[in-house]
Every structure is written in C-alpha cells, then in structure tokens.
Amino acid sequence: MRKTRYAAAAIAAAAALTLSACGGDSGSTEGSGEKIRIGIKFDQPGVGFKDGDAYTGFDVDVAKYVAGELGYEEDQIEFISTPSPQRENMLENDQVDMILASYSITDARKETIAFAGPYFVAGQDLLVPSDSDITGPDDLDGKTLCSVGSSTSAQKIKDSYAAGVNLLEQPSYAECVTAMQGGSIDAVTTDDIILAGLASTDANKGKFKVLGNTFSEERYGVGLPKEEGLVKCEDINTAIAKMVEDGAWDEAIKKNTEGVDYTFNAELNPPKTDACA
C-alpha cells in the first residue's frame, strides 16, 4: 500500500531533526520533493479560483499557509479541482490529500471523512445591486432570486422567508451575477464570503453589495481522509490558530474581498477550532 504523503512528510521531518542534533545541515523537511495534493474550487472568485496557472482566493491562502506549516513549499502544492458533489469521493479514493473548498463541517460528512478546523464560519446571505432596497430575505416576495442548481439555499428562503419569491437556477454563481447585472434577477444567495468574492472582481466592483444579514452558519473545515485525517488534525488546527494569531488570516480575508462592502460575522469569526476526534 502506498505510503501517505503525510507519512512521508513526518519521516522527512524526523530525519531533518536527527541531522540537526548531530550537527549536520537540517535542510528542508520536504527534501524528497513530495507534493501535497489540495482540493479547491476553481470557479469561486475570492474563495477558490483558477486563472491560467494562478490560484487565488481565501481558501487558497489558508491552504498555502497550512501546507507551509506542515513543511511544504508552495511549489510542492498541487491544486486539484474538487466540485461539491465529488468532495467526499475524492478523499476516499485518494485523489487529494486535503480539501479546502468552502467545505462545511457536518455530522453526515463526518461519517465518511475527517475535518480539521473550522477556519471560517460563513453564513447564507444575499447579494443585490448597490442601489437595491432589499434588506433581507423577507423582502423577496415577488422578486426573482438566483442560485445554482445543486444548492438548497434559494429553496430555504422560499420555504422560510418569502413564499412568493421566484426562483431561478443557473449553472454557476457567476452566471447569476451576470443575470442580475442584466436586470433579469433581483438577488443572488449563497454563503456571504462567496458572494463577497464575486462582487470584488474587477468587472463587478461597486455594482453590488452583500447585505451582511446572515441567516445560517456554515463552518468551513479542512476535509481529510478519515483514517490519516485524525492523525493530522492537530497539526492543521495548530496552523490555523497560528494564521489567526499572526494576522495572516485577517489579511487574507481583506485581500480577497477588497472593493466590496463586506464584513464577516465578528461574533463567529475567527472561529475556535474543534477538538480532533
């Protein structure tokens, strides 16, 4: 059976420490050149986005920080697209070593995979035109609301807040925003940080606002394979805590939501990581 990448990292680190104790050159903990495969979204500006050979977004920044704390250089990170419906399968089938892809920690998911974190607590919110008079989900009766086909967030609003809302599905949130810019919809709904990322792109700056009136809690965690994930959870949680303490977490939020009126829920963020179990 293939040694896990984490096992290789641990062996390399132990060897480096031994050399250091003997007066040798400690070198890199990843001298073997082993890569770490990290799953992210490729289509969420501000969260996880691929543009040519460049990867940007808050999830990407957290992934780079965590990987660095585990002993990996940036050129040892291989980013892999992990669409929402495929995330658990990709961990179980050894296609990725960890996932940071707006991946909410849930009891159902913990049946098959492990989580470290959370590293952010998002909340369902609304993105509307900057001159809109919509202030929350209760204002959506008679309006048109857009979300993606695989999301339950729009139906949640119809069921709980505005029975008269008209729902429109698009293949991606970016297409929802394009439709809103064209005037055919009134609002887009999903997690607040995803909406902020969409609104912060060069094409959208100044045109839209995130209401900042969240009505759910989505605890973003680092998805890990069940067995080895329990071994690495503590190290990843330590890295997340360090990112918060040294200011890199706050810097990453600001950088990836620049140009849009957005403030994360300060009562829930930055979050305390869960105990590893």
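Scroll up to find the structure.
Keep in mind that this is a model prediction, so the values were computed, not measured.

Looking only at helix α8 (residues 248-256), the buried set comprises W249, A252, I253 and N256. Along the long axis of α8, the arc covered by the buried residues comes to 100°, so they all point the same way. Facing away from the buried side of α8 by more than 90 degrees, the exposed set consists of E251, K254 and K255.

The subject of this paragraph is the packing of aromatic side chains. All told, the structure shown has eleven aromatic pairs when counted by the stated rule. Measuring from centroid to centroid gives 5.6 Å for F42 and Y55, while their planes differ by 50°, and the two rings are tilted. Here F42, found in the loop between β1 (36-40) and β2 (43-44), pairs with Y55, found in strand β4 (residues 54-56); they are 13 residues apart in sequence, far enough to count as distant. Here a set of aromatic residues connected by ring pairs shows up, and it is made of F58, Y119, F120, Y220, W249 and F264.

With that out of the way, let us pick up unusual backbone geometry. Each neighbour pair has its own omega, and for G117 with P118 the value is 10°, a cis peptide bond. Tracing the backbone shows P118 in strand β7 (residues 113-122). Cis peptide bonds are those with omega within 30 degrees of zero, and the linkage from N269 to P270 qualifies with -10°. Mapped onto the fold, P270 is located in the segment after α8. Located in the positive-phi region is D94, a residue other than glycine, with phi close to 60°. Structurally, the position occupied by D94 is in the loop between α3 (87-92) and β6 (98-99). The backbone of S102 sits at a positive phi, close to 40°, despite the residue not being glycine. The topology assignment puts S102 in the loop between β6 and β7.

Our next topic: the sheet that holds strand β3 (residues 48-51). Sheet architecture is open: three strands sit in the order β2-β3-β4, paired in antiparallel fashion. Each of the sheet's edge strands pairs with one partner strand only, and the pair in question is β2 and β4. Strand direction decides the pairing type here: β2 and β3, joined by two bridges, are antiparallel. The residue of β3 that forms the bridge with Q44 is G48.

Cut-offs used in this document
- Residues numbered from 1 in each chain as written.
- Predicted model: local features only at pLDDT ≥ 70, side-chain atom pairs only at ≥ 80, totals over all residues.
- Heavy atoms only, no water.
- Buried < 20%, exposed > 50% of the residue type's maximum accessible area, 1.4 Å probe, protein only.
- Helix = DSSP H or I, 4+ residues; strand = E, 2+ residues; numbered from the N terminus.
- Arc of directions from axis to C-beta.
- Phe/Tyr/Trp six-rings, centres within 6.5 Å; stacked < 30°, edge-to-face > 60°.
- Pairing = 2+ DSSP bridges.

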